[in-house]
Amino acid sequence: MPPINLYSDTQTRPTAGMRAAIARAEVGDEQRRRDPTTTALQERVAELLGHEAAVFLPSGTMCNEVALRIHVRPGGDEIICDSSSHPVVAEAGGPAQLAGAMVRTIDGDGGVFTGEQVEHAIRTRVDRYAPRSRVVSVEQTTNMGGGHVWPLQTIHDVLAVARRSELRAHLDGARLMNAVVASGVAASEYARGFDTAWLDFTKGLGAPVGAVLVGSQALIDEAWRWKQMLGGALRQSGIVAAACLYALDHHVDRLAEDHEHARRLAEGLSVIPGVRIDPSQVETNIVIFEVADAPAFVARLADQLELGALDAHRVRAVTHLDVSAADIDRALSVISDRA
Ligand SMILES: *Cc1c(COP(=O)(O)O)cnc(C)c1O
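Residues numbered from 1 in each chain as written. Predicted model: local features only at pLDDT ≥ 70, side-chain atom pairs only at ≥ 80, totals over all residues. Heavy atoms only, no water.

### Some remarks on the domain arrangement of the protein chain
When the domains of the protein chain are assigned, the result is domain 1 (16-250) and domain 2 (254-338). Averaged C-alpha coordinates put domain 1 and domain 2 at centres separated by 28 Å. With 18 residues of domain 1 at the contact, the number on the domain 2 side is 14 residues. Summed over both partners, the interface of domain 1 with domain 2 buries about 1300 Å², with 56% contributed by carbon and sulfur atoms. Here domain 1 and domain 2 share 0 salt bridges between them. Our enumeration of links across domain 1 and domain 2 arrives at 5 residue pairs in polar contact (both at pLDDT 80 or more). With 4 residues, the single largest contributor to the side of domain 1 that touches domain 2 is helix α8 (residues 176-183). For the side of domain 1 that touches domain 2, the class distribution of residues is 6 nonpolar, 11 polar and 1 charged. (Domains from an automatic or database assignment. Contact = heavy atoms within 4.5 Å. Buried area = accessible area lost by both parts, 1.4 Å probe. Salt bridge = Lys/Arg side-chain N within 4 Å of Asp/Glu carboxyl O. Polar contact = N/O pair within 3.5 Å; in protein donor to acceptor, adjacent residues only side chain to side chain. Helix = DSSP H or I, 4+ residues; strand = E, 2+ residues; numbered from the N terminus. Nonpolar A, V, L, I, M, F, W, Y, C, P; charged D, E, K, R; others polar.)

### Examining a nonpolar patch on the surface
Together, V88, V89 and V103 make up a nonpolar patch on the protein surface, roughly 200 Å² of accessible area in all. Here V103 falls in the partly exposed class, since its relative accessible area comes to 35%. (Patch = residues over 30% accessible without salt bridge, like charges linked within 9 Å, V, L, I, M, F, W, Y side chains within 5 Å. Areas by Shrake-Rupley, 256 points an atom, 1.4 Å probe, with all protein chains shown as cover. Buried < 20%, exposed > 50% of the residue type's maximum accessible area, 1.4 Å probe, protein only.)

### Digging into the sheet that holds strand β7 (residues 196-200)
Taken in spatial order, the 7 strands make up an open sheet running β2-β8-β7-β6-β5-β3-β4, and their pairing is mixed. Edge positions in the sheet fall to β2 (53-57) and β4 (102-106), since each has one partner strand and no second. Taking the axes of each pair of neighbouring strands and ignoring which way they run, one obtains an average angle of 20 degrees across the sheet. Pairing geometry for strand β5 (residues 132-139) and strand β6 (residues 168-173), over 5 bridges, is parallel. Looking at the pairing, V136 lines up with A169 of β6. (Pairing = 2+ DSSP bridges. Axes fitted to C-alpha atoms, helices over the stretch in contact; angles between N-to-C directions.)

### Overview of the nonpolar core
Ranked by internal contacts, the top residues of the largest apolar core, which has 53 residues, are L41, V45, L49, V136 and F201. The greatest single-element share of this core, amounting to 8 residues, is contributed by helix α11 (residues 238-250). One finds I4, L265, V275 and V315 within the second-largest nonpolar core, a separate group that totals 27 residues. (Core = buried A, V, L, I, M, F, W, Y, C linked by side-chain atoms within 4.5 Å.)

### A word on the site of the ligand
Close contacts around the ligand come from 15 residues, with T61, D172, R175, D200 and K203 the closest. Between G60 and the ligand, the recorded distance is 2.8 Å, taken from a backbone N or O atom to an oxygen atom. Between the ligand and D200, the relevant distance is 2.7 Å, taken from an oxygen atom to a side-chain nitrogen or oxygen of the residue. Elements represented by at least two residues in the shell around the ligand include exactly α3 (60-71) and β7. (Near = heavy atom within 4 Å.)

### Side note on the packing of aromatic side chains
To describe a pair of aromatic rings, one takes the distance between the centres and the angle between the planes. Enumeration over the complete set of coordinates arrives at 2 aromatic pairs. Between F113 and W150, the ring centres sit 4.8 Å apart and the planes meet at 90 degrees, which makes this aromatic pair edge-to-face. In this pair, F113 is assigned in the loop between β4 and α6 (115-121) and W150 in the loop between β5 and α7 (152-164), connecting sequence segments 37 residues apart. The exposure classification of F113 matches that of W150, with both residues buried. Seen in terms of ring centroids, F289 and F297 are 5.7 Å apart; in terms of plane orientation they differ by 75 degrees. Their pairing is edge-to-face. F297 matches F289 in its accessibility class, with the two residues each being buried. A cation over a ring is seen here: R33 above W224, with NZ or CZ 4.5 Å from the ring centre. Note that K227 overlies the ring of W224, its terminal NZ or CZ placed 4.7 Å from the centroid. (Phe/Tyr/Trp six-rings, centres within 6.5 Å; stacked < 30°, edge-to-face > 60°. Lys NZ or Arg CZ within 6 Å of the ring centre and 35° of its normal.)

Structure (structure tokens):
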């Protein structure tokens, strides 16, 4: 049997239904805005997130980098975000190179920070010494923070502080639909009040390629310049946009199963000696637990189970559409045999 892949929800492969949708896709030249499937996807995501305009990009990383770039003015503006957030830990230093920005990190609670923390992080001096605070970025759900859902009220608090200080606001919605399914709050409610927001289709939604960034028409026009410059303007991208549309139709409600599997995994892990986890902390599809030696633990299980070691002690497991309840039970028995 191949190992059960809990390494990430990026590990999904297109289903037969998704492949059929890909095969049927109508296509054109996306750079000339003549790919009907990509256009349909953009319109659908703009509406879903309640924003005026949208642009299809090859990856979530490009959504973050392009959005942060268009929010800052070159030369020392500051981005406020959590210390565990994706642009800080996993975008190869992109904000420094592409946006030319300082990053001021906040140590939130599992990636979730408060309006008060933002207030403290904002530079109040308006002289030539201090960097200029420019944008605050929120990650819904938190990834390295452990799949937490930002409560709507906390988002509103952060946005209120941002507005008072004339900061822009950006929503990294790589797993926004997981938050929507877990909380019952609409995607447009979560995205309201942000200048830019985006959805990733290659995480729990199970598509092979693609993310969509939304904002005002003016900001999306500006994003298009960066898409072009970075080589993110595409040709017959309807081939992959069709998979994203398919995912919106078929793979959103089922995220609840991933959440159920993550809880089942967390509860099973909590009774295994040598494993530390509080199952009540698991809200969506990400399970982070502690062991004595995470890299050794991951290596010891690798022939049966793919997991990620985050650091010396923390292991991350992520559920997704290629993982069944039976897989979770098998994963638990492998771990309890070898932990
Ligand atoms: C995966 C991820 C990204 C980057 O998306 P890619 O499509 O992998 O480039 C950004 N932010 C968060 C929170 C993510 O989990």
